[in-house]
Amino acid sequence: MKHILVLALVFLLSLGVVPEAHGASLEAVAPVVGDVVRDFDPPAQPWLAGHRGVDLSTRYGAQVLSAMDGVVSFAGMVAGRPVISIRHGDLTTTYEPVWAVVRAGDPVSVGQIIGNLSDGHECPQPTCLHWGLKRGETYLDPLSLLGGGNVRLITAEGVEAVRRRAAELRMSGWDGRISSSGLINPTSGTITSLYGLRLHPVYGVWRFHDGLDIATGCGTPLLAVAAGRVTESYYNSGYGYRLVIDHGRVSGRDLKTSYNHAQGYSVRVGDQVRQGQVVGTVGTTGTSTGCHLHFQTWIGGELVNPKPLLP
Ligand SMILES: [Zn+2]
Ligand SMILES: [Zn+2]
């Protein structure tokens, strides 16, 4: 049912994931009016990456509502982002990134305004709410709360847009994986050289390797790892055809990426790119011994190892 909201809406009740009654009212509402732009995709093991909630796209500053009657159990910062948790009997709902207008201990009723949407949660839209649901330590699909209600989360056009976007991503060569930092792989291939000190393949001397090499056939699509804006595109004798994308805030940090040695790029400086958009093709221009991508990442302006950021 991944990425197919219609199935989510139609089959939620039949999946048997609607929580049983626990004293309080079971009435629930969607915390914002918006499209589901990323589905619930819990990891197979607790330590693996996954998506432990759903993302609802809506505007920056939108009012966020409590999904059910409950008591605020947390309102504060987690890893640099504002988060609200609300207890509803044995269930807990979480909302992020949201600037709270409630405090821990406050009772809230279904539909009550609990805060305003901030930005920083990486999703296919500029701003979105990450909405989570837990019973104990087990993550559940929050959309299951709406199974029996009359809430309409998404319009028919919204469903169509989600489907189109999913098809577009598949066609771009995306392998379906998203890292815990919210990034996808820049291309499909084999990592042939890590970031760090290495013996240079052309000069035969120890050099700091300032990126991650992914080898694959020339002509393989290069994908934007996240949404952003192209800030630089030029030829350099070392890096070959080079592209720099500024992604703004990604998972709460300022991220820039660079693609090097390409045959060429299909985007220009100033262009906005979507996550998964094809931005060029793998090549071997500049100082290069074969078809590969030399991929670089900067966080807060500082060059960092790209590997931990990727799926
Ligand atoms: Zn999310
Ligand atoms: Zn390299």
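Since the structure is predicted, the reported quantities are computational estimates derived from the model, not experimental observations. (Residues numbered from 1 in each chain as written. Chains lettered and ligands numbered in written order. Predicted model: local features only at pLDDT ≥ 70, side-chain atom pairs only at ≥ 80, totals over all residues.)

(A) Expanded view of the nonpolar core. Of all hydrophobic cores here, the largest spans 31 residues; its most connected members are Val 32, Leu 56, Val 64, Tyr 95 and Leu 129. Sorting the residues of this core by element identifies β1 (35–38), β2 (54–57), β3 (63–65), β5 (81–88), β6 (91–96), β9 (113–117) and β10 (128–135) as the ones contributing at least two each. Discounting residues that sit within four places of it in the chain, Val 64 has contacts with Pro 31, Val 32, Tyr 95, Val 98, Ile 114, Gly 115, Asn 116, Leu 117 and Leu 129. Counting 29 residues, the second-largest nonpolar core is a separate cluster that includes Val 225, Ile 245, Tyr 259 and Leu 310. (Core = buried A, V, L, I, M, F, W, Y, C linked by C-beta atoms within 7 Å. Buried ≥ 20, exposed ≤ 12 C-beta atoms within 10 Å, placed from the backbone. Helix = DSSP H or I, 4+ residues; strand = E, 2+ residues; numbered from the N terminus. Contact = placed C-beta atoms within 7 Å.)

(B) Spatial organisation of unusual backbone geometry. Cis geometry is adopted by the peptide bond preceding Pro 97, which originates at Glu 96 and carries an omega value of -10°. Of note, Pro 97 is situated in the loop between β6 and β7 (98–100). The backbone of Ala 79 shows a phi angle near 50°, a positive value even though the residue is not glycine. If you trace the backbone, Ala 79 turns up in the loop between β4 (70–78) and β5.

(C) Representation of the sheet that holds β3 within the structure. Pairing is antiparallel in the open sheet, where three strands are placed in the order β3-β9-β7. Edge positions in the sheet fall to β3 and β7, since each has one partner strand and no second. Here the average twist between neighbouring strands, direction ignored, is 40°. (Pairing = 2+ DSSP bridges. Axes fitted to C-alpha atoms, helices over the stretch in contact; angles between N-to-C directions.)

(D) Focus on the pairing of strand β15 (residues 212–215). Pairing of strand β12 (residues 190–193) with β15, which is carried by three bridges, proceeds in the antiparallel orientation. Residue Ile 191 lies in a different strand from β15, and its bridge partner there is Ile 214. Two elements, β15 and strand β23 (residues 292–299), share four bridges in a ladder whose sense is antiparallel. Looking at β23, one finds that Ala 215 is bridged to His 292.

(E) Representation of the environment of Pro 42 in the model. Position of Pro 42 among the secondary structure elements: in the loop between β1 and β2. Taking the C-beta count within 10 Å as the criterion, Pro 42 has 15 such neighbours and is therefore assigned partly exposed. Between the C-alpha atoms of Pro 42 and Gly 53, which are 11 residues apart in sequence, the distance is 7.7 Å. Beyond its immediate sequence surroundings of up to four residues, Pro 42 is in contact with Gly 50, Arg 52 and Tyr 139.

(F) Broad picture of the sheet that holds strand β16 (residues 221–223). Strand order in the open sheet formed by three strands is β16-β22-β20, with antiparallel pairing between adjacent strands. Every interior strand has two partners, whereas the edge strands, β16 and β20 (264–265), have only one.

(G) Broad picture of the environment of Gly 283. Position of Gly 283 among the secondary structure elements: in the loop between β22 (278–281) and β23. On the basis of neighbour count, Gly 283 is assigned to the buried category, with 22 C-beta atoms found within 10 Å. It is 9.0 Å that separates the C-alpha atoms of Gly 283 and Thr 216, two residues lying 67 residues apart in sequence. Aside from chain neighbours lying at most four places away, what touches Gly 283 is Cys 218, Gly 240, Tyr 241, His 261, Ala 262, Gln 263 and Cys 291.

(H) Looking closely at the pairing of strand β17 (residues 228–236). Bridge count between β17 and strand β21 (residues 272–273): two bridges; the pairing is antiparallel. Following the sheet pairing, Arg 229 is matched in β21 by Gln 272. In this structure, β17 lies alongside strand β18 (residues 240–250), joined through seven bridges in antiparallel fashion. In the strand pairing of β18, Val 230 is matched with Ile 245. Between the end of β17 and the start of β18, which pair antiparallel, lie three residues.

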